[in-house]
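Listed below are the residues making up each chain.
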Amino acid sequence: MSETIVAILLLLGGVLSLLAGVGILRLPDVFTRMHAATKVGTLGSGFIMAGAAVFFGTSDVIIRAVLIVFFLLLTAPIGAHMIGRAALRLGITPWGEDKAHAQPDAPTEENRDLLGQNAPRDPGPGT
Amino acid sequence: MKSIILRAGTRYLAGLLLLFSIYMLLRGHNEPGGGFIGGLIGSTGFVLYAIACGTKDARSALRLSPQNIAMAGLGIALLAGLMAALFGDALFTGQWLFIGDRESGDYIPLSSVLVFDIGVYLVVFGSIIALVFAMEEEI
Amino acid sequence: MNNFAANLLFAAVWAIFSGGFSWISMTFGFVLGYGILWILQPLTGVKSSYFKRVYFWIKLIVMFFYELLVSSLAVIYDIITPTLQARPAIIDMPLDVKSDTGILLVTNLISLTPGTLSIDVSSDRKTLRIHAMFADDPDAVCHELKSGMERWVIDAMEDTPA
Amino acid sequence: MEALMAISIGVLVAAAAYLMLCRHVLRFIFGLVLISNAANLTIFTAGRLTEGRPPLISYGADAPVANAANALPQALVLTAIVIGFGLFAFALILMFRAYTSLGTLDSDRMSLAEPREEKK
Amino acid sequence: MSAPADPARKPIGGLVPTALAAGLFTWFATFLPEVAAGEVVRLAWDWVPSMGIALSFVFDGLSLTFALLISGIGALVFLYSNTYLAGYKHFGRFMWFLTAFMLAMLGLVLADNLIALFVFWELTTITSYLLIGFGHETTNGRRSALQALFVTGAGALALLAGLILMGLEAGTFEISEILAQGGLQESELYIPILVLVLAGAFTKSAQFPFHFWLPNAMAAPTPVSAFLHSATMVKAGVYLMARLYPGLSGTDAWIWTLTIAGGFTTVFASVLAVKQTDLKQTLAYTTLMALGTLTLILGQSGGYSMTAFVTFLVTHSLYKASLFLMIGCVDYGTGTRDADVLGGLGRRMPITAAAAGLAALSMAGLPPFIGFIAKELAYAGALEVPSSVLFVAGASLAANALMFAVAGIVAFKPFWRPAGGTETPRTPKEAPWPMLFGPLLLALLGLVFGLAPGLLQGTLVNPTVMGFMGEAADPKTLKLWAGVNVPLFLSLATFVLGFLLYVVHRPFRAALNGMAPALPNFDSMWDKFLDGLKGFAAWQTRVIQPGILRVYVFSTFTTVLVAISGTMIVKGAVPAMPDLSDVTWKNWALVALLIVGAVLTCLTRSRITAMAALGVVGIGVAIIFITFSAPDVAITQLLVETLVIVLVAVALLRLPTLRLEGDASWRPLDAALSAALGLTVTLVLLAVLETPLDLRLTEYFEATSWPDAFGRNIVNVILVDFRALDTFGEIAVVVIAALSAYALLRTTSERKDV
Amino acid sequence: MTWLLATPLVLPFLTAVAAFLTRERSSGRWVSVAGNFLFLIASFLLVARVLQDGIIAGQMGSWPAPFGITLVADRLSAVMVVITAITALAVAVYALTDINRRKEYLGYHALFNVLIGGVTGAFITGDLFNLYVWFEVMLISSFGLLILGGKPEQIDGGVRYVMLNLISTILFLSGIGLLYGMTGTLNMADLARIVPTLENQGLVTVIAMMFLVAFGVKAAVFPLFFWLPASYHTPAFAVSAVFAGLLTKVGVYSLIRLFTLVFNGDTAFTHEVLLWVAGFTMVTGVLGAAAQNDMRKILSFHIVSQIGYMIMGLAILTPLAIAGAVFYLVHHIIVKANLFLIAGVAERTAGSTDLGKIGGLYKTAPLLAVLFFVPAFSLAGFPPLSGFWAKYVLVQAALEDQGWVIAGVALLVGLLTIFSMTKIWAEAFWKAHPEDRDPTLAALTPTARGHLLLPIGSLAALTCVIGFFPEPFIAFANDASTELLDPSGYITAVLGAQQ
Amino acid sequence: MMPAAGFLAPVVMIGFALIFAAVVLALYRLIKGPTLPDRVVALDMMTIAIVAFCGLAAVRTGQAAFLDVALVLALVGFLATVALARFAERAVERRAGRDDRDV
Ligand code: NA
Ligand code: NA
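Here we summarise the structure given alongside this text. Counting from 1, residues in each chain are numbered in the order their sequence is written. Following the order in which they are written, the chains are lettered starting with A and the ligands numbered starting with 1. Given that the model is predicted, a residue must reach a pLDDT of at least 70 before its local features are reported, and side-chain atom pairs must reach 80 or more before they are shown or counted; all residues, however, enter totals for whole chains, interfaces and linings. Hydrogens are left out, water is left out, and the side-chain values use all remaining heavy atoms of the structure.

### Quick look at the overall build of chain E
Logical step 1: Secondary structure is summarised from DSSP: a helix means a run of H or I of at least four residues, a strand means a run of E of at least two, and numbering begins at the N terminus for each. Helix and strand counts for chain E come out as 31 helices and two strands.
Logical step 2: Computation of the radius of gyration draws on C-alpha atoms alone. For the globule rule, the value is 2.2 Å times the number of residues to the power 0.38. Taken over C-alpha atoms, the radius of gyration comes to 38 Å for chain E, far larger than the 27 Å a tight globule of 754 residues would show.
Logical step 3: Taken along its principal axes, the extent of the C-alpha atoms in chain E is 115 × 60 × 55 Å.
Logical step 4: Exposure categories follow from relative accessible area, calculated using a 1.4 Å probe and restricted to protein chains: below 20% of the type maximum is buried, above 50% is exposed, and the middle band is partly exposed. Burial analysis of chain E (754 residues in total) assigns 65% to the buried set.

Structural data, given as structure tokens:
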């Protein structure tokens, strides 16, 4: 019985992780990709941890699994916030938005290397 | 870096990381962990602190200069090794004191080896913080 | 948060780490927690009552799991369906919650709510910028969050009467 | 599996060497990271690979399970990783200082320690 | 040099070494009776017994002759210098060097151990270097000092090899033992030994073509020239040949080498002596001539030659030292040494003139001076030579005639001929007596020994000749009148020819100067040699050490590749084809992740991508550690990976992009080298993996970790207990890395840190 | 017994910690001097015991060999520790003036003493991985010392030094991994026991070559020495002195240790390679020096050249040759460190180390002239100074072994060494100073003079003592050589008789 | 604890395959970018995937020790994300000339 639960949890976790990967691949811009990574990815790992907790069934493993998920939930949104903020400041326009509404903070021209366009020449030290 | 969210998160995460690092240090003799891992985790706590709040705050929170912590750690590790001299053993011979009954498993082990691991912890902790802080401040 | 409360929290977490709530581990955790709080003193500021916090934390952990599970489904659906139905947009939401912890919780919970992701809080702490995946009606999304998640956090957290 | 590891270590070394031969010292640093990883994996592999049996003694036992993974290379690698980090950090900061005080990361254009005109 | 005397320093500074030398002379003289009686006195102390090196000294005819000359002339030179250099700023230093030289020279001639001899030999080289460099603030002074040091130093190194070979061949370094047991001439190493020893002797004694350093060495003050570069040090080479004569002589190689080198040197030097106008230079070339003559004589065998050697050795030392010191007096009195300027000094400097005259007569080989006897003996010796009478006798005759002329130029003309018209820098006046005493005494001795040759005969000549020839010794008698014989006719011919040469020496000199460009100039060849050496050195250094880091890395990697793969091929240690059939898909995937990360790091042009790719490699490695049962290592790897990214993310803020301007044409070569390196590493690792691993250590750790070290995490127990010393060293590395990096960031550029 | 071994290793680290934690007090600088003095005493005790008892070994952590880490002192190790202590004390005193407050604050004393600790560890460890650890300790502290001061040329030199040395370090680490993979042990005595029994001796030679290259970089042999002349002229003088004296010698020591103890099975191949390396190292180094015009650059290239002599001794591998190499090591550390210290005083007195810009020291600094003369002419191999005996023993060993060519090379390189040393002498000391100097330059306070000249004088005196009374030193070197060429004593001392 | 056996063993392997697929997809995004935040998201995703990997490894081998790896990573992994994101942000600020070094 518990083996079946474990199997379901692990498969579910695996599938969710894969879906997060697909999301990162398919979704159109960094913001939407973050939705996939932060939520779906964390959920996938969470299911696998749940599976592990059931598999072992001992209190120390359960506590560890809970803590892992807790830590992921605590940190993932903060990470996402940091990425999103950086993306906005880099001037990345969210997919489906018009530029005016997005109010990018910085001119895009100078940040091409960060945006994956042709990098500007070495500006020299001390900049 | 003026991220309110990050600062707020750091308040808990930094503490958790420190706590967790000491946990990893102390259990290291029996389970994955130890001075290296503990020190690395502990330092990430302060690295996060420095990223979120700036190195000035982080330094004042640390109170001691990280280099001194690291160097003191080296001294502690060495003293742990020198402890053996008191018992007529060779350098770095582990000295153990079990408070409680070892047979029943209900005891607290005190040892020079643990002191050594604490030295390792402090070294790694202080060194990485010194590195990261200096780098943060310089750039 | 009250120092004492945080201290106990650390003691408890320590006990969890140590694999069981024994007096030895609780005491040791308390001592350790004290040391850590002492180190972190420059960060701590707001005072608050301690019993409320414990309850709140426990409840929050449960909420995290629940919200996460629900929030993912919409995104997953959109990922696996061939055409993208999302209408993403950046929404600026006025923020009423005041404390750092409160802001952290609101933003984290919003991030874990279906289709929304906290991007940033303005430096005057009055506005939360959100990326919403299904923002056909930005104002509706904004209102939903304010009356749901933020309200809930303020009720649970802030000492100021609602 | 050891054989496959040997091959991938070779690839790591080749990539690292190619990076280290570049006159851009930042690439050298990247190469350094790769080659350190290769060296660590070399030790790890030379101590032979064991799947799924960490060298831990479970509570109640006096020794690890039979054919547990070789603990010695693990200890060596663990410290090598930490040392490698120290060296890497120093090297990185050195590059940074080189850039600020020499104005370039092109090692071909660094000629203060060994001035090239002097030889004439 | 003629600065006002410092009275406070004069009496003590010079008199102590004078007394030392005089005392030594007296002590040596006490050995005369024993030595005259044919005895050999040995004194020996252990020095380096494990290498067979002793401080052993021997007093026999040869060594005593030299020792007396060195200490006796030394005493006079010290006395002379005390006045001549009084007040000179570095007078004390000078006296120290000169004293050191004298002691070294005495050690050289008295040593009975090859290596001890060599030690003293080199000490004379160093002191000579320091003394020649007396005028060190001039480029020329430094050049001369270096030249002398380099040429004699080169010879000395050859000599060292020769002496070691000789010692190894003989099984001992004691000279007396080597000579007693004989047999060196039959050794298959004889020729190398001879060549190496003669290289040392010829350079030291300035034989052609190593002669050029000696005239330049005249840059040293006159007492030095008198003492080192005419009377004693330059005779060290001759001494060595004489000392080893019983062991090395008699072969064709010996005879021909010495005869040709000596003969050529003697004629060549005599001609050049006439060419000089500086009196000191003139004398320097006559010294060369004398050294050539001594070498020439040593090339021969037979009683006359051997007797002539000792006699001429003493004769030359006496008159040459006297003449040099005399020139110092002239220089001191007039301020110049130019033969064309000086003239008519006889009345103003009568004592100097007398000393010069006496010495010159001996030099010219006129009776009743000892010089005459020496010349007669030399001619007699030359006539004994069976194979090359004409060459040896002809060379001697030409040289002696020229010497006669030079004697006139040096000692007659400045005093008794009218001046050339130019005023001397100072009004000529007689030098003080401590300066006159030496030249006069030495010159007088030439006369005394000429009139009473018996004084030398029994005490020094006979024992020395016996030392050369052993049982078959046939020392000839020293006498002024040996009857009407061939040598006498040769002497007469010498005088006539010499007088003619003196008369025509100015036109002769002009002719020589006209020929000069056609002659090989060894002195300028020295400059070319030095330039060539420096040029080659610079070229080599540019090639090996071009200052381009990329080249260094390339060379280092190439060396690694050649060393490993070359050895692998030579030793046939190539592994078998690896069997990959047991690898699961999961592990393939792991490795693929690793490789993709590595290749991506290599190929990307974006530093951000490179950094992310490094992260992938780090993650890949961590997964490998997880998969293969190393949780501690995996945790460490992940933590470090995180910190690496943190640091890089900070550093990159101030660092430029990965693009560089310029040539990249060598990158394919780099790629080939890298690929070869990677392949080599793989092959070596595969080969290593073919050997079964002995797990003794790990088994011990597993067995004792819990029972003896009280730890369940074996990795951690190894770290903090079994191999705690390693861990201690490694945390020291970590601390110091942090300190170093901190210092690197905080250290400020500073010029001077006083 | 184990503490006799452990104390010289522990003291530098204790000194480092104490000096660092007191670095902001004025007394902190004397901690380093005091610590190094104690270190010297400890090293003398060690060598005394080794002379009395022969090879001694101690098990750190009380774990038996080959499981724990063994410290071993045979004659070679013991004398290297003593010479390290002498150099360290000399440099510690010199640093009192040469190293300013800023550098002290940044941790000079800690870096220096940890460096010394690393060097000591490398000399007395009997464990290959432990040797690697001490190499790392030396390497990283040398990094820090090299760049302390932050002049741009220091940074530039540092880049070269760091990169090339890191390659060597990684090679060393990989070599250890591979050797472990073949033998299953890290203890050097154990390796010596096991390696000959391995089936694939060809592979052993391959690994040996890996170590040869790795240590070759450290020892600065041809063609791996680039980092040394590229960097040694840039740091503070006290630093370059300790580098010049000790660091490369650790590489040489390690080569001697491994290629007599462990890799002694295929000497026809390995030692032939070493002989070629030695010859080229001697020649290229000395020619490199001939092309330089700066005191420290000349001296740096000479390190390379002199390393060739030591490698030559190892390559010839006769008892006398090894003794020569050992003697050369000892002599060269003293002399070379001293010459760099002197270069520092020359710079303080004359304003530069560039020979074109200085001069007149013979007149203005006669004592310094004497003090330079001794090590310089010792280096050039003039008797009766230490360098003569070093060269003499090696040349005799070569000639005994019928190594005509290498003996000739050794002698010729000696000649060119004379050329370089006299160049410094002539240009810096004899030549008049080319310009009017800043009068403040020559004004060394009496204290500064004491700090600078006392160590120089002591080292010069030592050079003379070795030169004048070489017998005990040569006898010692012969005994050391006997120990090295018969590893059974070493193996027994470490593993016990039953092995 | 015994390793996963029976039908659980192939399930765990399928889990591994799914995780690997996710990693490969993230890797593709990491290589492709195009922007720095895209790459950071990909790296973040990979970190989370390793947490899952550790869980599977623990089940597969019956060794709870692997969960410790996951625990550390869950707590520390986001630091790299934060650092990289901050890098991008500060790079922008630097170029715009309004760098605020501390906070
Ligand atoms: Na060196
Ligand atoms: Na070095």
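### Re the interface of chain E and chain F
Logical step 1: Contacts between the two partners involve 106 residues from chain E and, on the opposite side, 121 residues from chain F.
Logical step 2: Buried surface area refers to the total accessible area, computed with a probe of radius 1.4 Å, that the two partners give up upon joining, counted for both partners together. Contact between chain E and chain F buries roughly 9900 Å² in total, counting both sides, with carbon and sulfur atoms accounting for 73%.
Logical step 3: Salt bridges, as used here, are contacts in which a Lys or Arg side-chain nitrogen is within 4 Å of a carboxyl oxygen on Asp or Glu. On inspection of chain E and its partner chain F, the count reaches four salt bridges.
Logical step 4: Residues K363 of chain F and E137 of chain E are paired through a salt bridge, measuring 3.1 Å at the closest nitrogen-oxygen approach.
Logical step 5: Whenever a nitrogen or oxygen atom comes within 3.5 Å of another N or O atom, the pair is scored as a polar contact, on the condition that within protein one atom can donate a hydrogen and the other can accept it, and that pairs from neighbouring residues in sequence are kept only if both atoms are in side chains. For the interface between chain E and chain F, the tally reads 16 residue pairs in polar contact (both at pLDDT 80 or more).
Logical step 6: Ranked by residue count, the leading element in the side of chain E that touches chain F is helix α31 (residues 724-746) of chain E, at 15 residues.
Logical step 7: Here the residues of the side of chain E that touches chain F sort into 65 nonpolar, 22 polar and 19 charged. Note on contacts: a residue pair is in contact if any heavy atoms of the two residues lie within 4.5 Å. Polar here means any residue other than Ala, Val, Leu, Ile, Met, Phe, Trp, Tyr, Cys and Pro, which are nonpolar, and Asp, Glu, Lys and Arg, which are charged; Gly is therefore polar.

### Let's talk about the arrangement of the chains
Logical step 1: Contacts are most numerous between chains E and F, taken over all 15 pairs of chains that touch.
Logical step 2: The two units chain F and chain G are non-contacting; their minimal C-alpha-C-alpha distance is 23 Å.

### Considering the packing of aromatic side chains
Logical step 1: Two aromatic rings from Phe, Tyr or Trp, using only the six-membered ring of Trp, form a pair when their centres are within 6.5 Å; if the ring planes differ by under 30 degrees the pair is stacked, by over 60 it is edge-to-face, and anything between is tilted. The tally for this structure, following the rule as stated, stands at 93 aromatic pairs over all chains.
Logical step 2: Summarising the aromatic geometry, the rings of Y129 of chain E and F377 of chain F are spaced 6.0 Å apart at their centres and angled 45 degrees between planes, so their arrangement reads as tilted. Of this pair, Y129 of chain E sits in helix α5 (residues 114-132) while F377 of chain F sits in helix α16 (residues 366-379), which puts the two residues in different chains. Each member of the pair, Y129 of chain E as well as F377 of chain F, carries the same accessibility label: buried.

### Digging into the nonpolar core
Logical step 1: Buried Ala, Val, Leu, Ile, Met, Phe, Trp, Tyr and Cys residues that are joined via side-chain atoms within 4.5 Å together make up what is termed a nonpolar core. Membership of the largest hydrophobic core comes to 778 residues, with the highest contact counts inside it found for W389 and Y392 of chain F.
Logical step 2: When residues of this core are assigned to their parent elements, the largest contribution, 24 residues, is made by helix α3 (residues 71-102) of chain D.
Logical step 3: The residues contacting W389 of chain F, other than those within four sequence positions of it, are W47, V48, I53, I115 and V119 of chain E together with F327, P384, I466, G467, P470 and I474 of chain F.

### A closer look at the coordination of the sodium ion (ligand 1)
Residue and element names in this part refer to chain F.
Logical step 1: The coordination sphere of the sodium ion (ligand 1), as far as protein atoms go, consists of F243 (O), A244 (O) and T248 (OG1), spread over 2.3 to 2.9 Å.
Logical step 2: All donors to the sodium ion (ligand 1) come from one chain, and their sequence spacing reads F-A-x3-T.
Logical step 3: The donor set covers N, O and S atoms within 2.8 Å of the metal, switching to 3.2 Å for Na, K and Ca, and it leaves out water, so a site may look short of donors. Separating the sodium ion (ligand 1) and the sodium ion (ligand 2) is a distance of 5.3 Å.
Logical step 4: By relative accessible area, T248 is classed as buried at 0%.

### A short note on the packing of helix α27 (residues 631-651) of chain E against helix α4 (residues 78-95) of chain G
Logical step 1: Structural elements are reduced to axes, namely lines fitted to C-alpha atoms, with helices fitted over the stretch in contact, and the angle between N-to-C directions of any two is expressed from 0 to 180 degrees. For the pair α27 of chain E and α4 of chain G, interaxial distance at closest approach is 9 Å and the crossing angle is 10 degrees. It follows that α27 of chain E is roughly parallel to α4 of chain G by the angle criterion. For the pair α27 of chain E and α4 of chain G, the contacting residues are T642, I645, V646, A649 and V650 of chain E in the first and L79, A80, A83, L84, R86 and F87 of chain G in the second.
Logical step 2: Within the contact of α27 of chain E with α4 of chain G, the residues separate by chemical class into nine nonpolar, one polar and one charged. Just so you know how the angles are binned, under 35 degrees is roughly parallel, over 145 roughly antiparallel, 65 to 115 roughly perpendicular, and the rest oblique.

### Some thoughts on the packing of helix α3 (residues 61-84) of chain E against helix α11 (residues 235-243) of chain E
Any two packed helices are characterised by the angle at which their axes cross and by the distance between the axes.
Residues and elements named next belong to chain E.
Logical step 1: One way to put it is that α3 packs onto α11 with a least axis distance of 10 Å and a crossing angle of 165 degrees. Classified by the angle between their axes, α3 and α11 sit roughly antiparallel to one another. By crossing handedness, the relation of α3 to α11 is classed as left-handed. Seen from α3, the contacting residues are L62, S63 and F66; seen from α11, they are K235, Y239, A242 and R243.
Logical step 2: A per-class count over the contact of α3 with α11 returns four nonpolar, one polar and two charged. For a crossing to be left-handed, the near helix must be turned anticlockwise from the far one by less than a right angle; the clockwise case is right-handed.

### With respect to the interface of chain D and chain E
Logical step 1: Each partner contributes to the interface: chain D provides 90 residues, whereas chain E provides 104 residues.
Logical step 2: For the pairing of chain D and chain E, the buried interface totals around 8700 Å² over both sides, and the portion due to carbon and sulfur atoms is 74%.
Logical step 3: Among the residues of chain D in contact with chain E, M1, Y18 and L21 of chain D are the three that bury the most area, contributing 9% of the side total.
Logical step 4: Summed over the shared surface of chain D and chain E, the number is two salt bridges.
Logical step 5: Linking chain D with chain E are 22 residue pairs in polar contact (both at pLDDT 80 or more).
Logical step 6: Breaking the side of chain D that touches chain E down by element, the ones donating at least two residues are α1 (2-20), α2 (25-46) and α3 of chain D.
Logical step 7: If one sorts the elements of the side of chain D that touches chain E by residue count, α3 of chain D sits on top with 25 residues.

### Describing the layout of surface pockets
Logical step 1: In this analysis the probe radius is 1.4 Å and the grid spacing 1 Å, with only protein atoms considered; a cavity is a set of points the probe fits into but cannot get out of, a pocket is an open set with protein on both sides within 12 Å along at least five of seven lines, and lining residues have an atom within 4 Å of a point. Grid points are joined across faces, edges and corners, and a volume is the space filled by probe spheres set on the points. The volume enclosed by the second largest pocket comes to roughly 1000 Å³.
Logical step 2: What lines the second largest pocket is a set of 40 residues, among which Q292, N293, D294, T353 and D354 of chain F lie closest to the centre.
Logical step 3: Residue assignment for the lining of the second largest pocket shows that the elements contributing at least two residues are α6 (139-170) and α23 (522-544) of chain E together with α13 (295-316) and α18 (404-430) of chain F.
Logical step 4: Per-element accounting of the lining of the second largest pocket gives the leading share, six residues, to α23 of chain E.
Logical step 5: The residue makeup of the lining of the second largest pocket, split by class, is twelve nonpolar, nine polar and 19 charged.

### A word on the environment of A89 of chain C
Residues and elements named next belong to chain C.
Logical step 1: Tracing the sequence through the fold places A89 in strand β1 (residues 89-94).
Logical step 2: Judged by its relative accessible area of 9%, A89 is buried.
Logical step 3: Along the backbone, A89 and F28 are 61 residues apart, and their C-alpha atoms lie at a distance of 49 Å.

### Quick word on the pattern of salt bridges
Logical step 1: Inspection of the entire model under this criterion finds 49 salt bridges over all chains.
Logical step 2: Residues D100 of chain C and R11 of chain B are paired through a salt bridge, measuring 3.6 Å at the closest nitrogen-oxygen approach. With D100 of chain C in helix α4 (residues 100-111) and R11 of chain B in helix α1 (residues 4-27), this pair bridges two chains. R11 of chain B shares its class with D100 of chain C; the two are buried.
Logical step 3: Across the pair R42 of chain E and E174 of chain E runs a salt bridge, and its minimum N-O distance is 2.4 Å. Pair noted here: R42 of chain E is in strand β1 (residues 41-48) and E174 of chain E is in the loop between α6 and α7 (175-181), with a separation of 132 residues, a long-range link.
Logical step 4: On the basis of relative accessibility, which here comes to 8%, the residue E174 of chain E falls in the buried class.

### Section: the side chain of D78 of chain C
Logical step 1: You can see D78 of chain C is positioned in helix α3 (residues 50-80).
Logical step 2: An unpaired buried charge is present at D78 of chain C: no salt bridge exists, and R26 of chain A, the closest side chain of opposite charge, is 7.1 Å distant.
Logical step 3: D78 of chain C has contacts with R26 of chain A together with T83, L84, Q85, A86, M133 and F134 of chain C, leaving out every residue within four places of it along the chain. Only four residue types enter the charge count, namely Lys and Arg as positive and Asp and Glu as negative; His and the chain termini do not.

### Things to note about the sheet that holds strand β3 (residues 127-132) of chain C
Logical step 1: Strands pair, by our definition, only if DSSP identifies at least two bridges between them. Across the sheet, three strands lie side by side as β1-β3-β2 (chain C); this open sheet has antiparallel pairing. On the outer flanks of this sheet lie β1 and β2 (116-121) of chain C, each paired with one strand and no other. Neighbour to neighbour, the strand axes of the sheet diverge by 30 degrees on average, direction disregarded.
Logical step 2: In terms of strand pairing, β1 of chain C meets β3 of chain C through six bridges, oriented antiparallel. Counted as the bridge partner of D92 of chain C is R129 of chain C from β3 of chain C.
Logical step 3: Against the sheet, helix α2 (residues 30-56) of chain A makes contact with β2 and β3 of chain C, and its axis sits at roughly 110 degrees relative to β2 of chain C, the strand it touches most.
Logical step 4: α4 of chain C contacts β1, β2 and β3 of chain C of the sheet and is inclined by roughly 150 degrees relative to β2 of chain C.

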